[in-house]
Amino acid sequence: MIRSWIVTGVLLTISGFGGLLNAQSAGDLVNFLQTGEEDASKLTSAYINPLVEGLSYGMNGGWYTTAKAHKTLGFDLSVSLNGVFIPSSQRYFEPGKLGLNNTQLSPNDPDGKVPTVIGPEESTTYETVIQTPDGPQRFTFDGPEGLDMKKRFKVQGVVTPMIQIGVGIYKSTDLKIRFAPETKVGDDGRVKMIGFGLMHDIKQHIPGLKIMPFDLSVLIGYTKVSGDVNMESAAFPPPAGNTDAQRMPFELNGWLVQALISKKLSMFTFYGGVGYNAIKSNAHVKGSYVIYSGPNGSDVTLTDPVNLDFKNKSFRLNGGFRFNLAAFFINAEYIWQEYSTATLGLGLTFR
């Protein structure tokens, strides 16, 4: 059950990188290939960027519920849900500001704005010109609609579940591990997750603070989500005789550095901190795709056509509480960052 929650959340990442090809916008998103390598990369990146950023910030949630480290071989096991709120400003993007070479919006879309993956279900028409052995060829195609998260779910955001184990290893230092085994996605995709963190009590190293009635620590965490999805398309088959797989491998990497403080009062532990997120993600469409078939075999083929790279960074400030009941606890917190996040979790702790 827990594993299925994790996989469900992590797989939302794939929706940004290619799983959408199985949804309502499937054929339309693949149609970006008709614009050529450079324009296709820019358009795809702008379309899925809000979802990628949202999932990236969600990856860095749920690392801790207290600044107090375990004794050696003490441990905790927790499950958390990190709800990331995506700003309304990310509902649209403007193709005219992307520096496209061959592509523009149809005159039927005069306002210049089109929906991103989280935006409304609005149709978009593009016009593009590519050079072929038969001369310049003009195409008109439909761009992908948004999933209209605000209308469907009443909240514009994504949820990333996490399961995590923390173990006291030496001198008030905790090793934290988060993990999801490789799991099949759809008909022919896969995804997995791994993460490591270290939390160390620094109060012990500062003269005069040892007797103060609170806990003070620093934490460094790293989370990686990777996998790939099937990109086979009847509209853009590989050249005759080409057997290279049409796939999209992807990888999300999230780093977190955090200073945190906590105070236990009876059955409650109040905690907070300040830190910094650094996130780097990429996805690459691999394989060969015939985007134009002319007479006498005058085809135009794109090989490894799309390369997407995302970098995000943000300071963060968080505050929350943990309700302790014997060895079990429930926690809730809010994180102020570029994409603010609310976290709810439960778990058990020993020593």
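Residues numbered from 1 in each chain as written. Predicted model: local features only at pLDDT ≥ 70, side-chain atom pairs only at ≥ 80, totals over all residues. Heavy atoms only, no water.

1. Describing the side chain of aspartate 228
Reasoning step 1: For aspartate 228, the location among the structural elements is in strand S10 (residues 215-230).
Reasoning step 2: Of the residues examined, aspartate 228 reaches a relative accessible area of 9% and is grouped as buried.
Reasoning step 3: Polar contacts involving the side chain of aspartate 228 include one to the side chain of arginine 247, which spans 2.9 Å.
Reasoning step 4: Residues within four places of aspartate 228 in sequence aside, it is in contact with Gly189, Arg190, Arg247, Met248, Pro249 and Phe250. (Helix = DSSP H or I, 4+ residues; strand = E, 2+ residues; numbered from the N terminus. Buried < 20%, exposed > 50% of the residue type's maximum accessible area, 1.4 Å probe, protein only. Polar contact = N/O pair within 3.5 Å; in protein donor to acceptor, adjacent residues only side chain to side chain. Contact = heavy atoms within 4.5 Å.)

2. Some words on the confidence of the model for the chain
Reasoning step 1: Of the residues in the chain, 90% reach a pLDDT of 70 or more, and the chain-wide mean stands at 85.
Reasoning step 2: Mean pLDDT across the elements of the chain ranges from a minimum in helix H1 (residues 2-17), with 39, to a maximum in strand S16 (residues 328-336), with 96.
Reasoning step 3: Confidence drops under pLDDT 50 across residues 1-26; counting only partners more than four residues distant or on other chains, this segment forms 70 contacts. (pLDDT = per-residue confidence, 0-100.)

3. Some details on the sheet that holds strand S3 (residues 103-105)
Reasoning step 1: Taken in spatial order, the 3 strands make up an open sheet running S3-S5-S6, and their pairing is antiparallel. Single-partner strands in this sheet number two, and they are S3 and strand S6 (135-143). Going across the sheet, the axis of each strand differs from the next one's by a mean of 20°, ignoring polarity.
Reasoning step 2: Pairing of strand S5 (residues 124-132) with S6, which is carried by 9 bridges, proceeds in the antiparallel orientation. Counted as the bridge partner of threonine 132 is glycine 135 from S6. (Pairing = 2+ DSSP bridges. Axes fitted to C-alpha atoms, helices over the stretch in contact; angles between N-to-C directions.)

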